[in-house]
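# Commentary on secondary and tertiary structure
Residues per chain are reported as follows:
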Amino acid sequence: MASTLQAKYRKDYQSPSHTITDINLTFDLHESQTRVVAISQVKQLQQTNQLILDGENMELVSVQVNQQPWSHYQVVDTTLELNDLPAEFELQIETLINPAENTALEGLYLSDGAFCTQCEAEGFRRITYYLDRPDVLARYTTTIIAPQNYPYLLSNGNKVEEGVTEDGKSWVRWEDPHPKPSYLFALVAGDFDVLRDSYQTVSGRNVALEIFVDKGNLDRAHHAMRSLINAMKWDEQRFGLEYDLDIYMVVAVDFFNMGAMENKGLNVFNSKFVLANDQTATDNDYLGIEAVIGHEYFHNWTGNRVTCRDWFQLSLKEGLTVFRDQEFSSDLGSRAVNRIHNVRIIRGPQFAEDASPMSHPIRPEKVIEMNNFYTLTVYEKGSEVIRMIHTLLGESNFQKGMKLYFERHDGTAATCEDFVSAMEDASGVDLKQFRLWYSQSGTPELRVSSVYHEADKTFTLSVRQHTASTADQKEKQALHIPLGIEIYDQQGNIIELQCNGKAVSDVLDITETEQSFVFESVTSQPIVSLLRDFSAPVKLVYDYRDEELAFLMVHAKNEFARWDAGQMLIGKYIRSNIERVQQEQSVELPESVIDAFRGVLLDPSLEHAFIAEMLALPNHNEVSGWFDSVDVDAIESVLHSIKISLGQELQDEFSALYHSLKQDEYTIEHPAIGQRSLRNTCLSYLALTEQGESLVQAQYQNANNMTDTMAAMSAANQAELTCRETLMDDYSAKWKHDGLVMDKWFALQGTNPAKDTLTVIQNAMNHEAFTLKNPNRIRSLIGSFLNQNPARFHDKSGAGYRFAGEILQKLNATNPQVASRLVDPLLKYKRYDETRQKLMKQELEALLNMDDLAKDLYEKVTKALEA
Ligand code: TRP
Ligand code: ZN
């Protein structure tokens, strides 16, 4: 174990000693004994006759060099050392692997009887000994041999041959013409229903599209297909990027550690991000499918054609591809609503990650287990960094930068530095200081103040930036922060920004610790809108008066800014009420604040979806992030009381809207989604009033789609209505045979605010649809309890922590990757009171004392306990 726990550092990158130009793989599939023969063409890149390959969890059968048995090797730990090698040779390695026992879901495993693979980041080394690193790019030929009861045998690229073996098995051969790293390899074998369509690319090539789903689920694949076609079209139109193979396949599997995987020409998806019809999926599920189908498709260029030199560069493909999928969703749907959702993730869980023992820059410096770095920081903050580059350059220069990036790096493994250089060279914009965003971790804070000088008609903004030390990095430097602003006169007209007699950009370049900006010709005291569209992933501190925020909620010239003003306004009262509750005073919300939200509800010019966002309070986790020391009970009680107050004070408006927004037919057009979203937001407030029981029950009974069904159930859940149990039982009776649909039910059990939730969860673990082997089930029931039910998880008795500890010990043995994601809330123990700290720490220490702790958990737990 000891040597596998060694950390790797970004600074120690070394180019490979050899490369592999071609690999010919043959799989003789068998549930517990799959035979893999890998024939690689190997070339020396450095003067050495030793080659060290990676390999784990398999049996080595034989090694040949240039078709001769080779004995100059030894297996050392998780490597195969080959010695006395010529400069160029053919290497043949035969291994045996056991898919049936692969519960970690990395490498080749079984999902409901179908074979499938997951190779990112380092899963290929569980299939054969190989140079399992992203900077070794080879052409793959893959032959799959399987019994006849696996009618579909799939791999990357184009199918070139097929037949039947002497002993009656079928075989298929695939060839992928595009050289790729091993993490993009995929194999699938099983029986499926297939949805087929086709797409004609801009240059007129025809691409076959195939979506493989479990038998009987064909009617749930149409939205994924539509989304795929939309993604292909969008990437041509917005980025000028065309698909490059004759076939694109997507396979939906039930057992999957993450969302989906961009394997070349053969994406493997968590079925959650493929399967949907109006009876089984909510609007959010539909939008999630569109985003993830888009994300994996966009990886074909940003990830596959240009891949990462090493895993420290992960954000090169992930940050950029998240940026692209966000833009895709925004171009197709509501830009404001998408932005709001993305910003909520940054301000909530991403800022929390920065403040945790796992804090790291978007390009990490030190890694023990790579799977631990598929994080909100690398993905979501990484996307914000790309978005800032986009803001600084503008769309046209950004696209020039993309073009140059592909000209320089297509077909190779690149670095984040390569990307920034291409952006810089193509645009002429200096990104020297900006690069610090790649190496500096933590959440910068911007403290802004303003002065208006009546006499000389100037408006001065003073900005200070400060990034607090993080667990991984003590010293911080000043970053280049684009700060979008706008100023308004009292009537809500935009005042043009002028400095030194010239009009200036509304994006200020903050580059120093302290800076002032003086705007001239401002004829009256203005109101300033700051950090527009969340122009940088920072915490903004500005002492807004309530009237200014209420003004911005109405007059800001950008929906995001209006929403943000509303969040700041309610945020002020969440903070002040937390103090009140801590001093045993009651929760108070002034009439003026209620009126500001009433105004939003009654504004006919606003999009429904947007009004729904305006009415959604920051959640418990986001509010926790505002404090160094978290008072769980005070936060819970304030958020609940404020919600009740708004529900009661605005009952008439909510009620009128609720009834007027009813739709008879279900469509997934964006306006219809928005309408349901607002109506169901109204319901969540009305559930807290005396109308609650009857409205919720009626909606559950009359719903003709899953969005409305789930909205009724979660309103019943959150408001702890008496009808909750009846609805839950009815749902379970209807869907108990479908794990994916039951996940929504499990998530409601996990987030049940009732005092006895833990017992309810333990009972739910005995539900016929539940299994600890399926990551979706674990995340729905247990993940939601740990992450979305803070009041119960952090129960002072410590029962929630002990439950988490037990589950983590089990999962450590079966699926360390999933265990490692689940442990995150425990790592943050330092933010809680002493009693809770002690109890949480005990669970971490118990984990560390296990003698078979996987390196995934080891890395996180040691970091947390060292901190
Ligand atoms: N590259 C995948 C994506 O972002 C992420 C992914 C899927 C992954 N499965 C994984 C990462 C397993 C690590 C392990 O779309
Ligand atoms: Zn990705």
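So, here's what we can say about the structure. (Residues numbered from 1 in each chain as written. Chains lettered and ligands numbered in written order. Predicted model: local features only at pLDDT ≥ 70, side-chain atom pairs only at ≥ 80, totals over all residues. Heavy atoms only, no water.)

Bringing the nonpolar core into the picture now. The biggest cluster of nonpolar side chains holds 281 residues, and the ones touching the most others in it are Leu91, Phe419, Phe519, Val696 and Ile782. Residue contributions to this core peak at nine residues, all from helix α10 (residues 559-582). Beyond its immediate stretch of four places on either side in the chain, isoleucine 782 contacts Met765, Phe770, Leu772, Arg777, Phe803, Ile807 and Leu822. (Core = buried A, V, L, I, M, F, W, Y, C linked by side-chain atoms within 4.5 Å. Buried < 20%, exposed > 50% of the residue type's maximum accessible area, 1.4 Å probe, protein only. Helix = DSSP H or I, 4+ residues; strand = E, 2+ residues; numbered from the N terminus. Contact = heavy atoms within 4.5 Å.)

The expected angle between donors at a tetrahedral four-coordinate metal is 109.5 degrees. At an octahedral six-coordinate metal it is 90 or 180 degrees. On the protein side, the zinc ion (ligand 2) has His295 (NE2), His299 (NE2), Glu318 (OE) and Glu318 (OE) as donor atoms, found 1.9 to 2.8 Å from it. Read N to C, the donor residues that coordinate the zinc ion (ligand 2) are spaced as H-x3-H-x18-E. Of the two residues, histidine 299 is situated in the loop between α2 (283-298) and β22 (307-308) and glutamate 318 in helix α3 (residues 314-332); the sequence distance between them amounts to 19 residues. Since its relative accessible area comes to 0%, histidine 299 is described here as buried. (Donors = N, O, S within 2.8 Å, 3.2 Å for Na, K, Ca; no water.)

Moving on: the sheet that holds strand β3 (residues 34-44). What the eight strands build is an open sheet, ordered β6-β5-β9-β3-β2-β12-β15-β14; its pairing is mixed. The sheet is open, and its two edges are formed by β6 (68-69) and β14 (158-164), each paired on a single side. As paired strands, strand β2 (residues 18-28) and β3 are joined by ten bridges and run antiparallel to one another. Looking at β3, one finds that isoleucine 23 is bridged to serine 40. (Pairing = 2+ DSSP bridges.)

Around ligand 1, 16 residues are found, and the nearest of them are Glu120, Ala260, Glu262, Glu296 and Tyr379. Note that a nitrogen atom of ligand 1 is positioned 2.7 Å from one of the side-chain N or O atoms of glutamate 262. Within the contact set of ligand 1, a nitrogen atom lies 3.4 Å away from a side-chain nitrogen or oxygen of lysine 317. The fraction of the free accessible surface of ligand 1 (370 Å²) that becomes covered by protein chains is 97%. Those elements that place two or more of their residues in the shell around ligand 1 are β20 (260-261), α2 and α3. A breakdown of the residues in the shell around ligand 1 according to their chemical character gives six nonpolar, five polar and five charged. (Near = heavy atom within 4 Å. Polar contact = N/O pair within 3.5 Å; in protein donor to acceptor, adjacent residues only side chain to side chain. Areas by Shrake-Rupley, 256 points an atom, 1.4 Å probe, with all protein chains shown as cover. Nonpolar A, V, L, I, M, F, W, Y, C, P; charged D, E, K, R; others polar.)

The next subject is unusual backbone geometry. The bulk of non-glycine residues show a negative phi, and the bulk of peptide bonds are trans. Of the consecutive residues glutamate 120 and alanine 121, the connecting peptide bond is found in the cis state with omega at -5°. Topologically, alanine 121 is positioned in the loop between β11 (114-118) and β12 (138-146). Of note in this structure, aspartate 77 is not a glycine but carries a positive phi near 60°. Inspection of the secondary structure puts aspartate 77 in the loop between β7 (73-76) and β8 (79-82). Accessibility expressed as a relative area gives 46% for aspartate 77, which makes it partly exposed.

This part takes up the pairing of strand β26 (residues 458-467). Successive residues of a regular strand alternate their side chains across the two faces of the sheet. In terms of burial, β26 is largely enclosed, as seven of its ten residues are buried. In terms of strand pairing, strand β25 (residues 444-453) meets β26 through ten bridges, oriented antiparallel. Pairing of valine 451 across the sheet is with threonine 460, part of β26. Both β26 and strand β32 (residues 514-519) contribute to a ladder of six bridges, which runs antiparallel. Within β32, the residue paired with phenylalanine 459 across the bridge is phenylalanine 519.

Where two aromatic rings form a pair, the distance of their centres and the angle of their planes describe that pair. A full pass over the atoms with the stated rule returns 34 aromatic pairs. The interplanar angle of 55° and the centroid separation of 5.2 Å between the aromatic rings of phenylalanine 115 and tyrosine 150 together place this pair among those described as tilted. Here phenylalanine 115 is found in strand β11, whereas its partner tyrosine 150 is found in the loop between β12 and β13 (152-155), with 35 residues between them in sequence. Here phenylalanine 115 matches tyrosine 150 in class, with each residue buried. Here the aromatic residues Trp234, Phe239, Tyr243, Tyr248, Tyr297, Phe298 and Phe328 are joined through ring pairs into a cluster of three or more. Over the aromatic face of phenylalanine 273 sits the side chain of lysine 272, whose NZ or CZ is 5.3 Å from the ring centroid. When the ring centre of tyrosine 685 is taken as reference, the NZ or CZ atom of lysine 643 above it lies at 4.8 Å. (Phe/Tyr/Trp six-rings, centres within 6.5 Å; stacked < 30°, edge-to-face > 60°. Lys NZ or Arg CZ within 6 Å of the ring centre and 35° of its normal.)

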